[in-house]
Amino acid sequence: MILIKDITNYMERLAPLSLQESYDNAGLIVGDPSEEVKGILCTLDCTEAVVEEAIQSGCNLIIAHHPIVFKGLKKLNGKNYVERVVIKAIKNDIAIYASHTNLDHVEGGVNFKIAEKLGLQNVRILQPKKNLLKKLVTFVPVEHGQKVLDALYEAGAGQIGDYKNCSFRVEGTGTFRPTGGANPFIGTVGQDEEVKEFRIEVILQAHQEYMILSALKKAHPYEEVAYYLSNLENDLAQVGAGAIGSLDEALDESSFLQYLKDAMALSTIRHTPLSGKKIQKVAVCGGAGGFLLNDAIRQGADVFVTADYKYHEFFDAENKIIICDIGHYESEVYTKELIISYLSEKFSNFAILKSQVNTNPVQYF
Ligand SMILES: [Zn+2]
């Protein structure tokens, strides 16, 4: 029996909730985490029509990219579409889960899906986040060093870019005196002790802290484990906003625009003036990505594919880059496919469906 919390825990292995922006509301918005999952419906937006589709298709969990509840709800009487969606979901025992800016911020998330659609190579995060890395230092008797290190690696510590099992250690002498109440692994209560120990250092992501400290305490032989945990200011290259990569072959501008239109199934592209240069390096950001323009320029992107650009913001391209606004819905609609393929890798005992509702509130005439 698979429970809703099994699904949400699995989603959060890809996109931990702690990586969402402070203004966001990703997570389980409606529903009981201990209910059994009967079917999952994946959507970009959770509208009333999508809840109806879930009812009709026997799905009791909707996974959306955009959180239906974004601000506080003070009354629940159905006066707007947000309240009506929540009421309809609760009445019909349907849970709603959202994976939003946390899914934007990870490798393999929304922007990597856009990059995949565009066939980009060597894709990486455009604006890596800071203050998400920590350093753990611990002291372990030499003969237990490898066991403790293995446990730390297993819990996710020691990953730097494409390298696993990264650590540093030096050998030295640890000193301590067990006092009354202690039950020391080495030494005797009331006597000073000296032990050959490794000082082991590993790096970890902030959201892994609990898992890694638990693993440390479990694998370490001492009853009182000595460790320091400190925050690092390093960028975390694997987490952040937007993505950047390269086309296999440079295209002239109008060929690129046609390619973009076909790859993302667009009816229209709003873009800044063309300059006659070839397009090879492409920066992307699903939804409103204007805040990343300078990162895209600095990293040499020829074009920036995003959405939600306003008139005056287009001037910021300054002939250094071509801004392509492809529409918010159009830029993120393939997130449905991303979620379905991720869930399908692990779960096969119930239907995982793609919503057929076009939730785009913007229409073109
Ligand atoms: Zn969006």
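Residues numbered from 1 in each chain as written. Predicted model: local features only at pLDDT ≥ 70, side-chain atom pairs only at ≥ 80, totals over all residues. Heavy atoms only, no water.

Student: Even after reading the chapter, I still don't get the packing of aromatic side chains, so can you show me in this structure?
Tutor: Note on aromatic pairs: each is described by the distance of the centres and the angle between the planes. Taken as a whole and judged by the stated rule, the model has nine aromatic pairs. Measuring from ring centre to ring centre gives 5.4 Å for Tyr10 and Phe347, while their planes differ by 90°; the resulting arrangement is edge-to-face. Here Tyr10, found in helix 1 (residues 4–14), pairs with Phe347, found in the loop between helix 12 (335–344) and strand 15 (351–354); they are 337 residues apart in sequence, far enough to count as distant. With 5.8 Å between their ring centres and 70° between their planes, Phe176 and Tyr222 make a pair best called edge-to-face. With Phe176 in strand 7 (residues 168–176) and Tyr222 in the loop between helix 7 (209–219) and strand 9 (227–232), this residue pair connects regions lying 46 residues apart in the sequence. The class of Phe176 is partly exposed, set by a relative accessible area of 26%. A relative accessible area of 13% places Tyr222 in the buried class. (Phe/Tyr/Trp six-rings, centres within 6.5 Å; stacked < 30°, edge-to-face > 60°. Helix = DSSP H or I, 4+ residues; strand = E, 2+ residues; numbered from the N terminus. Buried < 20%, exposed > 50% of the residue type's maximum accessible area, 1.4 Å probe, protein only.)

Student: So what exactly am I meant to see when it comes to the packing of helix 2 (residues 48–57) against helix 3 (residues 81–91) here?
Tutor: Contact geometry for helix 2 and helix 3: axes closest at 9 Å, N-to-C directions at 15°. Looking at the two axes, helix 2 sits roughly parallel to helix 3. Judged by the twist between their axes, the crossing of helix 2 over helix 3 is left-handed. Here helix 2 contributes Glu48, Val51, Glu52 and Ile55 to the contact with helix 3, which in turn contributes Tyr81, Arg84, Val85, Lys88 and Ala89. Classifying every residue of the contact of helix 2 with helix 3 gives five nonpolar, no polar and four charged. (Axes fitted to C-alpha atoms, helices over the stretch in contact; angles between N-to-C directions. Parallel < 35°, antiparallel > 145°, perpendicular 65-115°, else oblique. Left-handed = near helix turned anticlockwise from the far one by under 90°. Contact = heavy atoms within 4.5 Å. Nonpolar A, V, L, I, M, F, W, Y, C, P; charged D, E, K, R; others polar.)

Student: Whenever I open this one, the environment of Val189 confuses me. Can you help?
Tutor: Mapped onto the elements, Val189 comes out in the loop between strand 7 and strand 8 (193–205). The spatial distance from the C-alpha of Val189 to the C-alpha of Thr179 is 5.3 Å, given a sequence separation of ten residues. Residues within four places of Val189 in sequence aside, it is in contact with Pro178, Thr179, Gly180, Ala182 and Pro184.

Student: How should the coordination of the zinc ion be read in this particular structure?
Tutor: Six octahedral donors at a metal ideally form angles of 90 or 180 degrees, and four tetrahedral donors ideally form angles of 109.5 degrees. For the zinc ion, every protein donor is listed as His66 (NE2), His328 (NE2), Glu332 (OE) and Glu332 (OE), and the spread of their distances is 2.0 to 2.8 Å. The coordination sphere of the zinc ion comprises four donor atoms, whose angles at the metal cover 51 to 130°; the geometry is irregular. Read in sequence order, the donor residues for the zinc ion give the motif H-x261-H-x3-E. Of this pair, His66 sits in the loop between strand 3 (61–64) and helix 3 while His328 sits in helix 11 (residues 328–332); the two residues are 262 residues apart in sequence, bridging distant segments of the chain. Exposure remark for His328: the relative accessible area of 27% places this residue in the partly exposed category. (Donors = N, O, S within 2.8 Å, 3.2 Å for Na, K, Ca; no water. Tetrahedral: all angles 85-135°; square planar, octahedral: opposite > 155°, others 65-115°.)

Student: Explain the sheet that holds strand 11 (residues 270–271) to me, please; I cannot follow it from the model alone.
Tutor: Sheets are built from strands paired through backbone hydrogen bonds, the pairs being either parallel or antiparallel. Pairing is mixed across the open sheet formed by six strands, whose spatial order is 5-10-12-13-14-11. In this open sheet, the two strands that pair with only one neighbour each are strand 5 (121–129) and strand 11. Pairing analysis gives two bridges linking strand 11 to strand 14 (residues 322–325), with the strands arranged antiparallel. Counterpart to Arg270 in the pairing with strand 14 is Asp325. Against the sheet, helix 5 (residues 110–117) contacts strand 5, strand 10 (236–252) and strand 12 (278–288), and its axis sits at roughly 145° relative to strand 12. The strands that helix 8 (residues 253–263) touches are strand 10, strand 11, strand 12, strand 13 (303–307) and strand 14; relative to strand 10, the one it contacts most, it runs at about 120°. (Pairing = 2+ DSSP bridges.)

Student: Explain the environment of Ala351 to me, please; I cannot follow it from the model alone.
Tutor: With respect to the element layout, Ala351 can be found in strand 15. Linking Ala351 and Gly108, residues 243 residues apart in sequence, is a C-alpha distance of 23 Å. Contacts of Ala351, omitting those with residues within four sequence positions, involve Lys38, Gly39 and Ile40.

Student: Can you help me understand the pattern of salt bridges in this one?
Tutor: For side chains of opposite charge, pairing can occur when their charged atoms come near one another. Applying the stated criterion across every chain yields a total of 15 salt bridges. Note that Glu209 is salt-bridged to Lys134, the shortest N-O span being 3.2 Å. You can see Glu209 sitting in helix 7 and its partner Lys134 sitting in strand 6 (residues 133–141), a full 75 residues away along the chain. Lys134 gets classed as buried once you look at its relative accessible area, which sits at 16%. As a salt-bridge pair, Arg298 and Asp295 come within 3.7 Å of each other at their nearest N and O atoms. (Salt bridge = Lys/Arg side-chain N within 4 Å of Asp/Glu carboxyl O.)

Student: What exactly am I supposed to notice about unusual backbone geometry here?
Tutor: A negative phi angle characterises most non-glycine residues, just as the trans form characterises most peptide bonds. With a phi angle near 55°, Asp93 is a residue other than glycine that sits in the positive phi range. Mapped onto the elements, Asp93 comes out in the loop between helix 3 and strand 4 (95–98). At Glu318, a residue that is not glycine, the phi angle is positive and equals roughly 50°. Take Glu318: it is sitting in the loop between helix 10 (311–314) and strand 14. Of the residues examined, Glu318 reaches a relative accessible area of 57% and is grouped as exposed.

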